Amino acid sequence: MTMRSTRRQFAASAVAAMTLATLPTGLVASSPPFAGGKLHSFSDGSMNLPIDSVFYDIFDDDRQKFLKAAQVSDGIWRRPVNVNLLEIGERKILFDVGSGLNFLPTLGELPAALDAADVDIGAITDVVFTHAHPDHIWGILDDFDDLLMPDAAYHISQAEWNFWDSDDALTVMIPGRESFAVGAKSRFDKLRDQISFFQGGDEILSGIEAVDTAGHTPGHASFLIHNSAGPVLIAGDALTHPVISLQHPEWHDPADMDRGKAALTRKRLLDRLASDKIGLAATHLPAPGFGRVEANQSVWRYIAADS
Ligand SMILES: [Zn+2]
């Protein structure tokens, strides 16, 4: 056994021990019928965000409407973090990796969740990123700052890489979020030799098409899985709330970096999801995060897969 694998196994068991006492871990759910493969949802935990930290710039009536729609009554906005694993053919493709142990104490469950479901994290062939915010990319490292999946191939949009890899990223962060830029850059440094880049419209892996959904971040991407049982879109943070994102797509998510663009992207995406009857999987929708979108008068409605 090498020193490297010993350290990694120690890190994995430390994660498992820590999470046992908190949330039940493991597979949350698998998607509705999927030809030739399976799409799973695992939980990385939940982001329990004090509202003053996330609604800092929304005031008065809008703030009250927002909180009501988000069902926030006790000062904490709970955002689940769902991570999707697609098993298809010989590939095991993870879409985002959760946040690891250095972002929020209520996150970092993914390695234990995979372990509890007997998914060998070392057998993951590909990691595809929607964007480089902490709850989506920080989890690529273990406790010793080594890659958890050193043999996987990594994929990210060129625009997302270019933004977070530049010195400008730090200067445009709002106060208190500087760590987002520092954290993304330090993860990029670990990935530099084994990451490949794509643009919207590219088929990044067989049957998986990248969709440009920039706005939440400069290079945010979603992924359309073409499937004979019906297409499914992995939407990341293009849609973050089952009511707010669908009934008020013009209201910005607190983490949207370009609000106007994010709102336009949401409307365009909702229109496409509803009219083309595309299944939806998204990071922060209520676990497991599988559902669909229906057009309803001038707005849209989210229908969870299990409802
Ligand atoms: Zn997120």
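Residues numbered from 1 in each chain as written. Predicted model: local features only at pLDDT ≥ 70, side-chain atom pairs only at ≥ 80, totals over all residues. Heavy atoms only, no water.

A.B. asks: Before we move on, can you summarise unusual backbone geometry with the specific residues and values?
C.D. replies: Note the cis peptide between Ala287 and Pro288, where omega equals 5°. Structurally, Pro288 is set in the loop between β12 (279-281) and β13 (290-296). Unlike most non-glycine residues, Asp96 shows phi in positive territory, near 70°. Tracing the backbone through its elements, the reader meets Asp96 in the loop between β4 (91-95) and α4 (110-116). (Helix = DSSP H or I, 4+ residues; strand = E, 2+ residues; numbered from the N terminus.)

A.B. asks: So what's going on with the coordination of the zinc ion? Which residues, and what values?
C.D. replies: Coordination of the zinc ion by the protein involves Asp135 (OD), His136 (NE2), Asp237 (OD) and His284 (NE2), with metal-donor separations of 2.1 to 2.2 Å. Taken together, the four donor atoms surrounding the zinc ion define angles of 86 to 167° at the centre, an arrangement classified as irregular. Mapped onto the polypeptide sequence, the residues donating to the zinc ion form the spacing pattern D-H-x100-D-x46-H. One end of the pair, His136, is in helix α5 (residues 134-137); the other, His284, is in the loop between β12 and β13, and 148 residues separate them in sequence. Neither residue differs from the other here; His136 and His284 are each classed as buried. (Donors = N, O, S within 2.8 Å, 3.2 Å for Na, K, Ca; no water. Tetrahedral: all angles 85-135°; square planar, octahedral: opposite > 155°, others 65-115°. Buried < 20%, exposed > 50% of the residue type's maximum accessible area, 1.4 Å probe, protein only.)

A.B. asks: Please provide a residue-by-residue account of the pairing of strand β6 (residues 153-157), values included.
C.D. replies: Every other side chain in a regular strand lies on the same face of the sheet, so the side chains alternate between the two faces. With four of five residues buried, β6 lies mostly within the body of the structure. Relative to β6, strand β5 (residues 126-128) is paired through three bridges, and the arrangement is parallel. Paired with Val127 across the two strands is Tyr154, which belongs to β6. As judged from the four bridges shared by β6 and strand β7 (residues 195-198), these two strands associate in the parallel manner. Paired with Ile156 across the two strands is Phe197, which belongs to β7. (Pairing = 2+ DSSP bridges.)

A.B. asks: Would you mind going over the packing of helix α6 (residues 158-165) against helix α8 (residues 178-191) in detail, with residue names and values included?
C.D. replies: Contact geometry for α6 and α8: axes closest at 9 Å, N-to-C directions at 115°. Comparing their axes, α8 and α6 come out roughly perpendicular. In this structure, α6 meets α8 at a crossing whose hand is left-handed. When α6 is examined against α8, the residues Glu160, Trp161, Trp164 and Asp165 are found in contact with a partner set consisting of Phe180, Ala181, Ala184, Lys185 and Phe188. Grouping the amino acids of the contact of α6 with α8 by side-chain chemistry returns six nonpolar, no polar and three charged. (Axes fitted to C-alpha atoms, helices over the stretch in contact; angles between N-to-C directions. Parallel < 35°, antiparallel > 145°, perpendicular 65-115°, else oblique. Left-handed = near helix turned anticlockwise from the far one by under 90°. Contact = heavy atoms within 4.5 Å. Nonpolar A, V, L, I, M, F, W, Y, C, P; charged D, E, K, R; others polar.)

A.B. asks: So what about the environment of Ile234? Which residues, and what values?
C.D. replies: Counting through the fold element by element, Ile234 comes out in strand β11 (residues 232-234). For Ile234 and Phe95, which are 139 residues apart along the polypeptide, the C-alpha to C-alpha distance reads 7.9 Å. Residue contacts for Ile234: discarding those within four places in its chain leaves Leu39, Asn84, Phe95, Ser222, Phe223, Ile225 and Ala281.

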